[in-house]
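A look at the structure
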Amino acid sequence: MKISLLYILLTSLCFAAQDAATVRFANGDKLSGSAIALNLEMLTWESETLKEQAQFKLNQILDLSLPAEFDAKVIDAASHQALLELTNGDSVKGLLTGLNDQEIRLKTWYAGEMVFRKTNVKSISISRGSKIIYRGPDGIDGWKLSGEENSWKFSNGEFVSSKLGSLARDFDFPEAAQISYDVSWRGTLRSKIVLFSTDLTTSNPRKGYEIIFHGSMVQLRRLSDSAWLYSKTNPRRMQPNEKARIDIRYSRKSNQMMILVDEEIFGMWDNLELDEATGEGLHFVSMENNETAVSNIAISHWDGYVDESAMEEIELRVQRFPGHLQMQRGMERPNLDEKELPDSRMSLSNGDTLEGEVLAIDGDMIKIKTPFTEVSFPVHRINNITLKKASSETPKLYNGDVRTILADGSKLVFRLDEVKEGKLIGFSQNFGRAEFVQSAFKRIEFNIHPKPKAN
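Residues numbered from 1 in each chain as written. Predicted model: local features only at pLDDT ≥ 70, side-chain atom pairs only at ≥ 80, totals over all residues. Heavy atoms only, no water.

Quick word on the pairing of strand β17 (residues 190–197)
With seven of its eight residues buried, β17 lies for the most part within the structure. Sheet analysis places β17 next to strand β18 (residues 209–214), joined by six bridges and oriented antiparallel. Within β18, the position partnered with Val194 by the bridge is Glu210. (Buried < 20%, exposed > 50% of the residue type's maximum accessible area, 1.4 Å probe, protein only. Helix = DSSP H or I, 4+ residues; strand = E, 2+ residues; numbered from the N terminus. Pairing = 2+ DSSP bridges.)

Written out as structure tokens, the structure is:
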């Protein structure tokens with residue numbers, strides 16, 4: 001039998017030890033364990049429930065969930081973060097390094113500089129680099145435990161709990177901040193987080209705001225008067241992945257809060273009286289007999305900006321699930337609707353708009369030709385760059401396409417061509433050929449296109 005050189009090269013992609021990896025199959029089965037190797041045809045899997053390593057064909061697998069890692073130092077040092085929304089629904093984050101009539105260049109921490117065809121990019125939004133207040137955990141020191149004995153433990157970069165109890169710590173919360181963390185669970189998610197607490201010694205402080213996650217529902221309660229402030233439901237989220245990235249963003253100035261799950265808006269609230277919350281405590285509270293793990297915690301300053309696409313997502317879900325959802329638009333947004341901006345106009349972070357053409361991006365500076373003169377200023381001062389809608393194009397679909405979610409929330413579809421030396425190598429009309437660091441992937445979905453019907 002002739003064995004191709006490509007197959008020899010691809011016989012395995014060796015993964016680091018992964019205690020929390022999960023593979024889901026097309027028949028609905030699910031198996032936790034460790035991904036040992038991956039090639040274009042097979043996944044090699046190890047699990048405590050198996051006597052020995054097993055190999056599964058990729059055409060039998062729905063998706064593979066992995067404990068992704070990202071380079072926090074690179075992200076923290078960036079002056080801005082650009083988000084490219086692509087015409088096929090993908091989104092990718094990075095540092096904007098170039099833009100002309102044909103292409104957009106984005107520097108990423110997982111694939112180096114990627115070059116996107118401008119016709120495949122729907123929009124570009126930019127946020128200022130955030131000052132990091134805390135990133136961890138790297139141990140349980142500095143955190144206050146309460147509740148049942150050993151309710152929380154630290155292991156392998158995670159806080160893990162299977163008993164009722166609280167893990168709390170004071171932070172110097174700014175006027176507006178983003179609190180992000182990964183949470184994993186078994187069965188149905190039942191978890192609670194408390195913000196602005198004045199008492200770290202209990203799982204049930206009397207002041208602050210309590211956010212309860214239960215399955216596909218999120219509830220918010222003001223503890224000072226036990227007032228429930230709406231329930232939010234998103235039937236698409238939380239199940240059955242048993243893993244999620246939670247983002248809680250608040251503004252004391254506007255008394256508003258929003259929650260995202262895996263980069264999608266889950267709920268928004270306003271009129272919260274956050275300006276009167278004096279506590280600085282943050283609690284992670286576990287529910288009884290419910291195993292939960294919290295990791296990759298990041299607390300940073302937030303600029304308070306909410307783009308129009310987020311608002312549209314909220315409104316669409318209200319229309320789809322009117323009997324299950326109570327929503328308010330709530331959050332402040334720029335006065336000028338992005339849909340009203342002409343092709344040559346872009347919005348700035350201070351609410352102004354500017355007519356012009358991007359000439360060059362050099363480091364952290366962008367040069368724009370306006371009708372009157374050329375101007376240069378930091379990239380992070382721009383909220384969005386409006387692209388000509390008439391030139392948009394949707395990329396082709398390929399056999400072997402995979403849908404991926406990366407550790408920073410980027411979502412990309414590409415044809416998986418090679419797997420070797422710790423990298424996934426693929427192709428898309430969006431960005432051509434790219435080599436991705438395998439540890440950056442949080443989830444990989446296989447067999448994503450419908451199979452053609454037999455005649």
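Regarding the sheet that holds strand β28 (residues 357–362)
Within a beta sheet, neighbouring strands are joined by backbone hydrogen bonds and run either parallel or antiparallel to one another. The strand order β28-β29-β30 describes an open sheet built from three strands, whose pairing is antiparallel. The sheet is open, and its two borders are formed by β28 and β30 (374–378), each paired with just one other strand. Strand-to-strand twist across the sheet, computed as the mean angle between neighbouring axes with direction ignored, equals 25°. Relative to strand β29 (residues 365–369), β28 runs antiparallel, the two being bridged by five bridges. Paired with Glu357 across the bridge in β29 is Lys369. (Axes fitted to C-alpha atoms, helices over the stretch in contact; angles between N-to-C directions.)

Points about the pairing of strand β4 (residues 54–57)
Of the two faces of β4, the one lined by Ala54 and Phe56 is fully buried and the one lined by Gln55 and Lys57 carries no buried residue. Judged from the four bridges that link them, strand β3 (residues 42–46) and β4 form a sheet pairing that is antiparallel. Bridge pairing links Leu43 to Phe56 in β4.

Quick word on the packing of aromatic side chains
The tally for this structure, following the rule as stated, stands at 20 aromatic pairs. When the centroid spacing of 5.2 Å and the interplanar angle of 85° are considered together, the rings of Trp109 and Tyr110 count as edge-to-face. Across the pair, Tyr110 and Trp109 agree in class, each one buried. Taken together, a centroid distance of 5.3 Å and an interplanar angle of 70° make the contact between Trp143 and Phe159 edge-to-face. One end of the pair, Trp143, is in the loop between β11 (132–136) and β12 (144–147); the other, Phe159, is in strand β14 (residues 158–161), with 16 residues separating them in the sequence. Each member of the pair, Trp143 together with Phe159, is buried. Among the aromatic residues, ring-to-ring pairing joins Tyr134, Trp143, Phe154, Phe159, Phe171, Phe173, Tyr181, Phe196, Tyr250 and Phe284 into one connected group. Over the ring of Tyr398 we find Arg415, and its NZ or CZ is 4.9 Å from the ring centre. (Phe/Tyr/Trp six-rings, centres within 6.5 Å; stacked < 30°, edge-to-face > 60°. Lys NZ or Arg CZ within 6 Å of the ring centre and 35° of its normal.)

Section: the nonpolar core
Most often, soluble globular proteins keep nonpolar side chains buried together rather than apart. Of all hydrophobic cores here, the largest spans 58 residues; its most connected members are Leu84, Tyr110, Ile385 and Phe436. In terms of residue count, the dominant contributor to this core is strand β33 (residues 411–420) (four residues). Not counting residues up to four positions away in its chain, the partners in contact with Tyr110 are Val92, Lys93, Leu406, Asp408, Ser410, Leu412, Glu435, Phe436, Val437 and Ala440. (Core = buried A, V, L, I, M, F, W, Y, C linked by side-chain atoms within 4.5 Å. Contact = heavy atoms within 4.5 Å.)

A short note on the pattern of salt bridges
Scanning the entire structure with this criterion turns up 14 salt bridges. Across the pair Glu445 and Arg403 runs a salt bridge, and its minimum N-O distance is 3.0 Å. Highlighted residues: Glu445 in strand β36 (residues 441–445) and Arg403 in strand β32 (residues 401–406), separated in sequence by 42 residues. Between Arg433 and Glu435 there is a salt bridge, with the nearest N and O atoms lying 3.3 Å from each other. Classification of Arg433 by relative accessible area gives exposed; the value is 51%. Through salt bridges that share partners, Glu418, Lys420, Lys423, Arg433 and Glu435 make up one connected network. (Salt bridge = Lys/Arg side-chain N within 4 Å of Asp/Glu carboxyl O.)

As for the side chain of Gln256
With respect to the helices and strands, the residue Gln256 is situated in strand β22 (residues 256–261). On the accessibility criterion, Gln256 (7% relative accessible area) is buried. One polar contact links Gln256 to Ser254, side chain to side chain, over a distance of 2.7 Å. (Polar contact = N/O pair within 3.5 Å; in protein donor to acceptor, adjacent residues only side chain to side chain.)

Notes on unusual backbone geometry
Looking along the chain, the bond that leaves Gly136 and enters Pro137 is cis, with omega of 5°. Its place among the elements puts Pro137 in the loop between β11 and β12. In this structure, Glu421 takes a positive phi of about 50° despite not being glycine. Tracing the backbone through its elements, the reader meets Glu421 in the loop between β33 and β34 (423–428). Using a relative accessible area of 74% as the deciding quantity, one classes Glu421 as exposed.

Brief notes about the environment of Ile299
If you trace the backbone, Ile299 turns up in strand β25 (residues 292–301). Relative accessible area serves as the criterion here: at 0%, Ile299 is assigned to the buried category. Once the C-alpha coordinates of Ile299 and Phe171 are considered, the two residues, 128 residues apart in sequence, prove to be 9.2 Å apart. Look past the residues within four positions of Ile299 in its chain and what remains in contact with it is Lys131, Ile132, Ile133, Tyr134, Phe171, Phe173, Gln178, Ile179 and Leu282.

A word on the environment of Ile259
Note that Ile259 resides in strand β22. Look at Ile259 and you get buried, because its relative accessible area is 0%. Taking the C-alpha atoms as reference points, Ile259 and Ile211, 48 residues apart in sequence, are found 9.7 Å from one another. Not counting residues within four places of it along the chain, the set of residues in contact with Ile259 comprises Ile211, Phe213, Val218, Asp247, Ile248, Glu264, Ile265, Phe266, Gly267 and Trp269.

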